[in-house]
Amino acid sequence: MELWDVYNKHRQKTGRTHKRGIPLNEGDYHLVVHVWIVNDQREYLIQKRQPWKTMPNMWDCSAAGSAIVGDNSEQAAIREVKEEIGVDLDINKGQVLFTHRFSCGFDDIWLVKQNIDLKDLKLQYEEVAEAKWVTYDQIKRMVTEGRFINYHYLNYINELINSDFLFG
């Protein structure tokens, strides 16, 4: 059973918890993280979702998921990457780019510069079917083909990667 901390609309913890799988009450929110890992060649590490997951067989960011009780954003990012692809995330080489607020939560978008050998990945069977490094152009093509989740912020992340923001 997975429990989440419940936040108010100002992203303050309420002191209550919520059980995953049950709809949140109106005015309650939870914390989610999306982690995008990029290597020195400015390629993105992406994963393919298992066919039984929400958005089945779609390609996605490096790792994503909800923070559990007690997690802050950084802890959730580290935990999700370790759980889903078996990598020890070097959080010192990353940062939260922005927070996207959605109907029942706050989604922190992380960008981390880290070189990872694909043979070192340990994919979580329950979540991840496969993983690979791709270019931004490949992601855009996959979005057009309906094979990659079409995040509204993809262009923004790519702009930052192609600036001195991460590689300066």
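Placed above this text is the structure.
Heads up: these notes are all about the structure in this document. All figures in this text were calculated on a predicted structure; none of them were measured in a lab.

## What to know about the nonpolar core
Ranked by internal contacts, the top residues of the largest apolar core, which has 25 residues, are Trp36, Tyr44, Ile46, Ile139, Phe148 and Ile157. For this core, the secondary structure elements donating two or more residues are strand 3 (30-38), strand 4 (44-49), strand 7 (94-102), strand 8 (105-113), helix 2 (136-144) and helix 3 (154-161). Contacts of Ile157, omitting those with residues within four sequence positions, involve Trp36, Tyr44, Leu97, Ile109 and Leu111. If you look at the next biggest cluster of nonpolar residues, it comprises 23 residues, including Tyr29, Ile85, Ala131 and Trp133.

## Thoughts on the pairing of strand 2 (residues 13-19)
Pairing analysis gives four bridges linking strand 1 (residues 3-7) to strand 2, with the strands arranged antiparallel. When the bridges of strand 2 are listed, Trp4 appears paired with His18. The hairpin turn running from strand 1 into strand 2, its antiparallel successor, is five residues long, and Arg11 in that turn takes a positive phi close to 65°.

## Focus: the pairing of strand 3
For strand 3, a buried count of nine out of nine residues is recorded, marking the element as mostly surrounded by other parts of the structure. What you see with strand 3 is no split at all: His30, Val32, His34, Trp36 and Val38 on one side and Leu31, Val33, Val35 and Ile37 on the other are buried throughout. Pairing between strand 3 and strand 8: nine bridges, direction parallel. Residue pairing across strands places Val33 opposite Asp108, the latter belonging to strand 8.

## A word on the state of the cysteines
On inspection of all chains with the given rule, the structure shows zero disulfides. The thiol sulfur of Cys61 is not disulfide-bonded, and the nearest other cysteine sulfur, from Cys104, lies at 17 Å. Residue Cys61 is classed as buried on the basis of its relative accessible area of 1%. Among the residues examined, Cys104 registers a relative accessible area of 26% and is labelled partly exposed.

## Brief notes about the packing of helix 2 against helix 3
Running from N to C, helix 2 and helix 3 point in directions that differ by 175°, and their axes come no closer than 11 Å. Taken together, the axis directions place helix 2 and helix 3 in an arrangement best described as roughly antiparallel. Two secondary-structure elements touch here, helix 2 through Tyr136, Ile139, Lys140 and Val143 and helix 3 through Leu154, Asn155 and Asn158. Taken together, the residues that form the contact of helix 2 with helix 3 break down as four nonpolar, two polar and one charged.

Procedures and definitions
- Residues numbered from 1 in each chain as written.
- Predicted model: local features only at pLDDT ≥ 70, side-chain atom pairs only at ≥ 80, totals over all residues.
- Heavy atoms only, no water.
- Core = buried A, V, L, I, M, F, W, Y, C linked by side-chain atoms within 4.5 Å.
- Buried < 20%, exposed > 50% of the residue type's maximum accessible area, 1.4 Å probe, protein only.
- Helix = DSSP H or I, 4+ residues; strand = E, 2+ residues; numbered from the N terminus.
- Contact = heavy atoms within 4.5 Å.
- Pairing = 2+ DSSP bridges.
- Disulfide = S-S within 2.5 Å.
- Axes fitted to C-alpha atoms, helices over the stretch in contact; angles between N-to-C directions.
- Parallel < 35°, antiparallel > 145°, perpendicular 65-115°, else oblique.
- Nonpolar A, V, L, I, M, F, W, Y, C, P; charged D, E, K, R; others polar.

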